[in-house]
Amino acid sequence: EIDGVAGSYVSTPDSVASSIRQSIVIEVDAAINWNGGAYEGLAAHWGANGGERGWILYSNPTGTLSLYLSPDGSANYISTSGALGLTDGERATVKAEYDAVAQEVTFSVNGVQIGVAVSSGAGSINDTSYAVTVGRAGVNGNPVDGKIYSATVTKGPTAEAYARFDGVAGTYVSTPDS
């Protein structure tokens, strides 16, 4: 697990397997400061430099989630959920599913959808050369305030995971899929 010690996060280098350009599902099991004073970067494939943005899942200080998507590496399309209904430090599994065909994002907490799908308009997702990070908002972001037990990123709802952080086993695996 990412134990909440200042500076704790995991990353895996960019690879062909991490090139998600269409639909994406990001699922994170965490106990963090859900309503705190900072944006918490749960998982990302994102660079701070122009042209290197891809996607990032944030927990916001307002008790919501936001999925940032960039079709060209520079522009941001931001979709935000309704209230998560979580208390600070509460363990929960949060998920963001982006459907590139419908251009909509669906958010859920512990398997329950939050509200309706949110329009995104992003279309495709930029293929950045930065590392995939868990527990930090990209390579230059601040680490989360709390614990992340596991995280999985898939190329759409029916694909196998290409990146998985298993906090119980203490491993981070990047595996290509079709």
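Quick look at the structure, then.

### Describing unusual backbone geometry
Part 1: For Gln 103, which is not glycine, the phi dihedral falls at a positive 55°.
Part 2: Turning to its location among the elements, Gln 103 is positioned in the loop between strand E7 (91-99) and strand E8 (104-109).
Part 3: In this model, Asn 110 sits at a positive phi of 50°, which is unusual for a non-glycine residue.

### A few points about the sheet that holds strand E11 (residues 132-134)
Part 1: In spatial order, the strands read E1-E11-E3-E4-E5-E6; together these six strands make up an open sheet with antiparallel pairing. The two strands at the open ends of the sheet, each matched to only one other strand, are strand E1 (10-12) and strand E6 (77-80). Going across the sheet, the axis of each strand differs from the next one's by a mean of 15°, ignoring polarity.
Part 2: Sheet topology places strand E4 (residues 55-59) next to strand E5 (residues 65-69); five bridges connect them, and they run antiparallel. Its bridge partner lying in E5, Ser 59 is registered against Leu 65.

### Overview of the packing of aromatic side chains
Part 1: Applying the stated criterion to the full structure yields three aromatic pairs.
Part 2: A centroid spacing of 5.9 Å and a plane angle of 70° characterise the contact between Tyr 39 and Tyr 58, whose relative ring orientation is edge-to-face. Taken together, the positions of Tyr 39 in the loop between strand E2 (24-32) and strand E3 (40-45) and Tyr 58 in strand E4 put the pair 19 residues apart, joining distant regions of the chain.
Part 3: Relative to Tyr 68, the ring of Trp 46 has its centre 6.1 Å away and its plane inclined at 90°; by these criteria the two rings are edge-to-face. Here Trp 46 is found in the loop between E3 and E4, whereas its partner Tyr 68 is found in strand E5, with 22 residues between them in sequence.
Part 4: In this structure Tyr 68 comes out as buried when scored by relative accessible area, which is 18%.
Part 5: Among the aromatic residues, ring-to-ring pairing joins Tyr 39, Trp 46, Tyr 58 and Tyr 68 into one connected group.

### Notes on the environment of Ser 74
Part 1: Within the secondary structure, Ser 74 sits in the loop between E5 and E6.
Part 2: Linking Ser 74 and Gly 54, residues 20 residues apart in sequence, is a C-alpha distance of 8.8 Å.
Part 3: When near neighbours in sequence (up to four residues on either side) are disregarded, Ser 74 contacts Gly 50, Gly 51 and Arg 53.
Part 4: Within the structure, Ser 74 has its side chain in polar contact with the backbone nitrogen of Gly 51 (distance 3.4 Å).

### Quick look at the pattern of salt bridges
Pairing between side chains of opposite charge can happen when their charged atoms approach one another.
Part 1: Enumeration according to the criterion identifies two salt bridges in this entry.
Part 2: Between Asp 29 and Arg 91 there is a salt bridge, with the nearest N and O atoms lying 2.6 Å from each other. Pair noted here: Asp 29 is in strand E2 and Arg 91 is in strand E7, with a separation of 62 residues, a long-range link.
Part 3: Among the ionic pairs, Lys 95 bridges to Glu 97, the shortest N-O distance being 3.5 Å.
Part 4: Looking at Glu 97, the relative accessible area reads 25%, which means it is partly exposed.

Rules behind the numbers
- Residues numbered from 1 in each chain as written.
- Predicted model: local features only at pLDDT ≥ 70, side-chain atom pairs only at ≥ 80, totals over all residues.
- Heavy atoms only, no water.
- Helix = DSSP H or I, 4+ residues; strand = E, 2+ residues; numbered from the N terminus.
- Pairing = 2+ DSSP bridges.
- Axes fitted to C-alpha atoms, helices over the stretch in contact; angles between N-to-C directions.
- Phe/Tyr/Trp six-rings, centres within 6.5 Å; stacked < 30°, edge-to-face > 60°.
- Buried < 20%, exposed > 50% of the residue type's maximum accessible area, 1.4 Å probe, protein only.
- Contact = heavy atoms within 4.5 Å.
- Polar contact = N/O pair within 3.5 Å; in protein donor to acceptor, adjacent residues only side chain to side chain.
- Salt bridge = Lys/Arg side-chain N within 4 Å of Asp/Glu carboxyl O.

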